[in-house]
Amino acid sequence: MGTGDALISAQGLMKRYGDSKVVDDIHFEVRTGEVFSLLGPNGAGKSTTMRMLSGTSTPSGGSLRILGMNPVKDGPAIRARLGVVPQKDNLDRELTVLENLTTYARLFGLSRKAARERSVELLEFVQLTDRAKDLIDSLSGGMTRRLTIARALVNKPDVILLDEPTTGLDPQARHLLWDRLRELKRNGVTVVLTTHYMDEAEQLSDRITIVDRGRIVASGTPAQLLRAHGTPEVVELRHDDGCDPSHLPALRSLAERVEVLGSRVLLYVKSAEETVAAVHRAGLRPSGTLERRCTLEDVFLRLTGRSLVE
Amino acid sequence: MLNGTLRVARFHLTLYRRTWRATTFTSFLMPLLYLGVVGIGAGSYVENDVEGFSYVQFLAPGLLAVVAFQTAAEEAGFPLYAAIRLTDRYQRMLTAPLSLGQVLAGHLFFITIRAAVSAAVFCAVAALLGVFDSWLCLLLVPVAMVVALAAAAPLFAFTARLTSSANLMTVSRLVVLPLSMFSGVFFPVEDLPAAVQPLIRISPLWHGVELCRGLSGAFTAGSGTAPSFLAGHLGVLLLWAAVGFALTLLVFRRHLSD
Ligand SMILES: Nc1ncnc2c1ncn2[C@@H]1O[C@H](COP(=O)(O)OP(=O)(O)OP(=O)(O)O)[C@@H](O)[C@H]1O
Ligand SMILES: [Mg+2]
């Protein structure tokens, strides 16, 4: 609590809409230069938290400091040093790719010349230079997202907030984006992102806070979370005609923990290989088996009894 | 405050450069059409002077106020609705270092600039046609800007509350059109039934029409205008603008920073 170098600090953060608490007693700290992720399923309150951070939504309670300022009072001063990538792209369809950057940069008070130079530089950074004169509608989903990220960088922000930067993108587009975010981190930009992809959180983040229904479920580094709430490995058993419940007691004796997800049974174990052998020795005949390491998806399932991506 | 406001206005102007052609009819052509058809055409059958003016001289200053009023009403309607609910232009501005007040003031400032341009074109054409005797009529442009502000600010509060665009038509049919017809532009308010006169007399358009006509009389006939006349009408217009601004800011706070 209260470490001096926290760039963002939220304590007991609350957001109420009518009677429902959408963000309920959330606390976290983000240090300079790190990548911090809010991981959670739909409706967890991720976007609401992000909007409170940028001072575009007023908290119903708790305290929030960012860049040493209070978002409720100092919204504009904070946003001068902040980059915001909203969940929904809101680029201007009347303008070209380049103009989307220049007009936005002008809102930050950059001169015409500086806005242009910075925009050209950013198109290079997100690899859209050859699309500079195109209209937004001609861009693919991945390009649109990259452009939105470029736009959030016009003011050379100290902190960038990215709300689900890669949702809906194909694997290649996601990797390209991850690469750009790592580059930002190397340049000393503090990154706060939300996602409901556990692999994204795990790959990019220094620290993660898992949220569900407005409340914190767990926080820590990816390794800490896996150690505390997971097992080294997982075996997935697939049953094409459904899992026979009479097998469950036998399975439970083979694993630290068993989760049934529809036609899949997940066994949380130390060694996947040994467990698969044991399953076969016990005369159980699943339609398929998959051995894998434990992920944050499993941590989430364990902590909430639900899967992250419905 | 001022700097951010100007940036917002410039942002709207940049975007307007892409779409201005769609607005030429209401901004430029319609008022001139009225001036020609009603003022010069139908006006030639009007034998009596109206309040000491020939009919077209009576009509022109009123139309000038209407130009500003309708430009404001147009901008405060669908374009504002779209910017808040459809294209997220507002949400985009609000991730820049701008306050709600600056975003609002900048948008209103942009609208007054649009109104000024439309009014200036109207004045110039009317002066060329000899409807206004003097180029001093261009001094009416700032009045047109105040009328636009006084109309746009309260209409903003209405539009910003809407969650569906269906009600936008209601305003243009039940408020903007009747006011344009009956605010003393085409004939003096005194000719209306006594019951509706007070309603018209609170509308910003009526005050704008009175101001423009009074001033245009002063410029052309050199009749002079009393300071109390100027102060009275300007005061009401500025009151509309101030109340509208405050109301809109309240609505913005509720709907844009919730
Ligand atoms: N303006 C609002 N008024 C009322 N309820 C709202 C409002 N904004 C969000 N909510 C509710 O708050 C909850 C959390 O929403 P939020 O958008 O923060 O979730 P999220 O974690 O970003 O979800 P997603 O992954 O779907 O984007 C949802 O149940 C949503 O319906
Ligand atoms: Mg969201």
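Residues numbered from 1 in each chain as written. Chains lettered and ligands numbered in written order. Predicted model: local features only at pLDDT ≥ 70, side-chain atom pairs only at ≥ 80, totals over all residues. Heavy atoms only, no water.

(A) Quick peek at the nonpolar core. Judged by nonpolar contacts, the single largest core of 121 residues is most densely connected at Leu-147 and Ile-160 of chain A together with Tyr-90, Phe-156 and Phe-252 of chain B. Discounting chain neighbours no more than four positions away, the residues touching Ile-160 of chain A are Gly-83, Val-85, Ile-149, Ala-152, Leu-153, Leu-184, Val-189, Thr-190, Val-191 and Val-192 of chain A. With 25 residues, the next largest nonpolar core counts Ile-8, Ala-10, Leu-53 and Val-211 of chain A among its residues. (Core = buried A, V, L, I, M, F, W, Y, C linked by side-chain atoms within 4.5 Å. Buried < 20%, exposed > 50% of the residue type's maximum accessible area, 1.4 Å probe, protein only. Contact = heavy atoms within 4.5 Å.)

(B) Spatial organisation of the interface of chain A and chain B. On the chain B side, the residues contacting the 24 residues of chain A number 23 residues. If you sort the residues of chain A by the area they bury against chain B, Asn-90, Glu-94 and Leu-107 of chain A come out on top, with a joint share of 29%. The tally of links from chain A across to chain B stands at five salt bridges. The partner of Arg-51 of chain A in a salt bridge is Asp-258 of chain B, and the shortest N-O contact between them spans 4.0 Å. Inspection of the chain A/chain B interface yields 14 residue pairs in polar contact (both at pLDDT 80 or more). For the side of chain A that touches chain B, the secondary structure elements donating two or more residues are β1 (6-17), α2 (71-79) and α3 (97-107) of chain A. With five residues, the top contributor of residues to the side of chain A that touches chain B is α3 of chain A. Of the residues in the side of chain A that touches chain B, the class split is nine nonpolar, six polar and nine charged. (Buried area = accessible area lost by both parts, 1.4 Å probe. Salt bridge = Lys/Arg side-chain N within 4 Å of Asp/Glu carboxyl O. Polar contact = N/O pair within 3.5 Å; in protein donor to acceptor, adjacent residues only side chain to side chain. Helix = DSSP H or I, 4+ residues; strand = E, 2+ residues; numbered from the N terminus. Nonpolar A, V, L, I, M, F, W, Y, C, P; charged D, E, K, R; others polar.)

(C) Spatial organisation of the coordination of the magnesium ion (ligand 2). Within the protein, the atoms that donate to the magnesium ion (ligand 2) are Ser-47 of chain A (OG) and Gln-87 of chain A (OE1), at distances of 1.9 to 2.0 Å. Residue Ser-47 of chain A is located in helix α1 (residues 46-53), and its partner Gln-87 of chain A is located in the loop between β5 (82-85) and α3; the two are separated by 40 residues in the primary sequence. (Donors = N, O, S within 2.8 Å, 3.2 Å for Na, K, Ca; no water.)

So, to be careful, I would describe these as geometric facts and stop short of saying anything about function.
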